[in-house]
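# Descriptive analysis of the structure
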Amino acid sequence: YKMAGLENLRTRVVLQPDRVDNVSSTAFPGAYPGIDDSWNFEEFKKNLRVDIIQANVTDMEFDLVGVDAAIANTFRRIMIAEVPTIAIETCLIYNNTSIIPDESLAHRLGLVPLNSDPRKMDFPSAGPANKLVFSLHAECKRNPEVTSADAPEDEKYFNTKVYSGQLEWLPQGQQKTLFVDGVRPVHDDILLARLRPGQEINVEMHCVKGVGKDHAKFSPVATASYRLLPEIILHEPIIGEDAHLLQSCFSPGVIEIEKNANGQEVAKVVCSRKDTMSREVFRYEQFNGKVALQRVRDHFIFSIESTGALTPDDIFRESLRVLGDKCDTLLAALEEATGGSAMEQ
C-alpha cells in the first residue's frame, strides 16, 4: 500500500454509490505489516478528546474522539439502559370512574418523568426512604355559573382535564430534608385523562429507583445516539452551474459558493459535519471521480436528549461511573479466578 492510501484505509469509512467500504476496524496488532497497532495507554490518552458542541438542560451534542466504535456504543447503551432514574412503579387506584381503564391509567402515570435526583435514593428495599409517594385526586364537576351549552368545556366544567402538575408529593420519613427543593413531574402539562361531571380519579403512586433495561420508563434519555464525523473531499474544482448543483446535493450549510480570482463561482466545503451522507451526489455523472464521501472512524458525534430527570452532562458522567463499576467487577472476578496473577500481568 502507499502510505496515504493505507492511512485512509485504517482511519476512514468510505462511502461508494452502491456500498460502504472499510467498515470493520483494523486497529489491532498484525493487521498491516510494519505497523504496530498494539494498544498503548499513553497514546490513547494523547488522542482521546471530548469536545462539547452545544449543551442546555435537556439536550447536548458533543464529539468523542479517539475511541473505538465498541466503546462509543457502550456509552450509548449504558445511557439508555443502565443509568438509573426514579419512576412510578405501583399505583393504588382507590377510585377511577373515567373512561380510561385502570391499567392504561397506571401505564400513563408510570411514563411521567420526575425531577428527583436518583443518586439520593437506593434501589427498592423495605425502608420507606427508598420510595417516593405521590397522590392524585381529581373530580369533575359542573360550573353552576355557566349555563350556555355552547360554552367551552373548560368554562362549563371544573377539572375536565387531569394534568401531571396535579400530582402531589407526600414526603416519607426524612425526605423533606433529603429533597430540599421538593419532587414533582418534570412537565406540569402532560395530559393524563379527560373527565366529565361525576367522574373521579383517586390514585396513590409509589415511585422507586430503576434502570431502563427493566422498563423504558426508567431510561433517563428520550434518545441517545451517535454518528461518525462526515468528511467531504473535492478532488477537482467544481465551478459554474455544477457548483450550484453540488450544493443542492448536500444538507444546508455544507457547501458554499465563492468566487475565485477569475470571478468564477466555485464550490467549497465549509461544514461537512452538518451533512447526512445521503450520497445524492453520486447520481450525477459529472461528479464521478471529483467528490469523495468518507467518515472519520474514531470521531463520534454524540447527541443526548434528556427526559428531564438528569441533565445530559450528568447522564454521560453517570454512564462513565457505571462503566467503571463494570470494569472493577471484571477485574475483581479475574483476580479471584487467577489468585491475583492476572492483575500482576
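Here goes a summary of the coordinates provided. (Residues numbered from 1 in each chain as written. Predicted model: local features only at pLDDT ≥ 70, side-chain atom pairs only at ≥ 80, totals over all residues. Heavy atoms only, no water.)

### A closer look at the packing of helix 3 (residues 69-81) against helix 8 (residues 312-338)
Where helix 3 meets helix 8, the axes come as close as 9 Å, and the angle between the chain directions of the two elements is 105°. Regarding the angle of helix 3 to helix 8, the classification is roughly perpendicular. Along its contact with helix 3, which presents Thr 74, Phe 75, Ile 78 and Met 79, the element helix 8 presents Ile 315, Phe 316, Ser 319, Leu 320, Val 322, Leu 323 and Lys 326. Partitioning the contact of helix 3 with helix 8 into residue classes produces 8 nonpolar, 2 polar and 1 charged. (Axes fitted to C-alpha atoms, helices over the stretch in contact; angles between N-to-C directions. Helix = DSSP H or I, 4+ residues; strand = E, 2+ residues; numbered from the N terminus. Parallel < 35°, antiparallel > 145°, perpendicular 65-115°, else oblique. Contact = heavy atoms within 4.5 Å. Nonpolar A, V, L, I, M, F, W, Y, C, P; charged D, E, K, R; others polar.)

### Here we look at the sheet that holds strand 10 (residues 168-169)
The 4 strands lie next to each other as 5-12-6-10, forming an open sheet whose pairing is antiparallel. Every interior strand has two partners, whereas the edge strands, strand 5 (85-96) and strand 10, have only one. Examined bridge by bridge, strand 6 (residues 132-139) and strand 10 share 2 bridges and lie antiparallel to one another. The partner of Phe 134 across the bridge, within strand 10, is Trp 169. The strands touched by helix 4 (residues 102-110) within the sheet are strand 5, strand 6 and strand 12 (200-210), with strand 5 carrying the most contacts at an inclination of about 150°. (Pairing = 2+ DSSP bridges.)

### Here we look at the pairing of strand 6
The buried fraction of strand 6 is high, at 6 of 8 residues. Here strand 6 pairs with strand 12 via 8 bridges, running antiparallel. By the bridge assignment, Ala 138 is partnered in strand 12 with Ile 201. (Buried < 20%, exposed > 50% of the residue type's maximum accessible area, 1.4 Å probe, protein only.)

### So, the nonpolar core
With 27 residues, the main nonpolar core has Leu 109, Leu 132, Phe 134, Leu 136, Leu 167 and Met 205 as its most contacted residues. At the level of elements, strand 5, helix 4, strand 6, strand 11 (191-194) and strand 12 are the ones that each hand at least two residues to this core. Not counting residues within four places of it along the chain, the set of residues in contact with Leu 167 comprises Ile 88, Leu 109, Phe 134, Ser 135, Leu 136, Pro 185, Leu 192 and Met 205. Counting residues in each nonpolar core, the second largest holds 21 residues, with Phe 62, Met 79, Val 83 and Phe 302 among its members. (Core = buried A, V, L, I, M, F, W, Y, C linked by side-chain atoms within 4.5 Å.)

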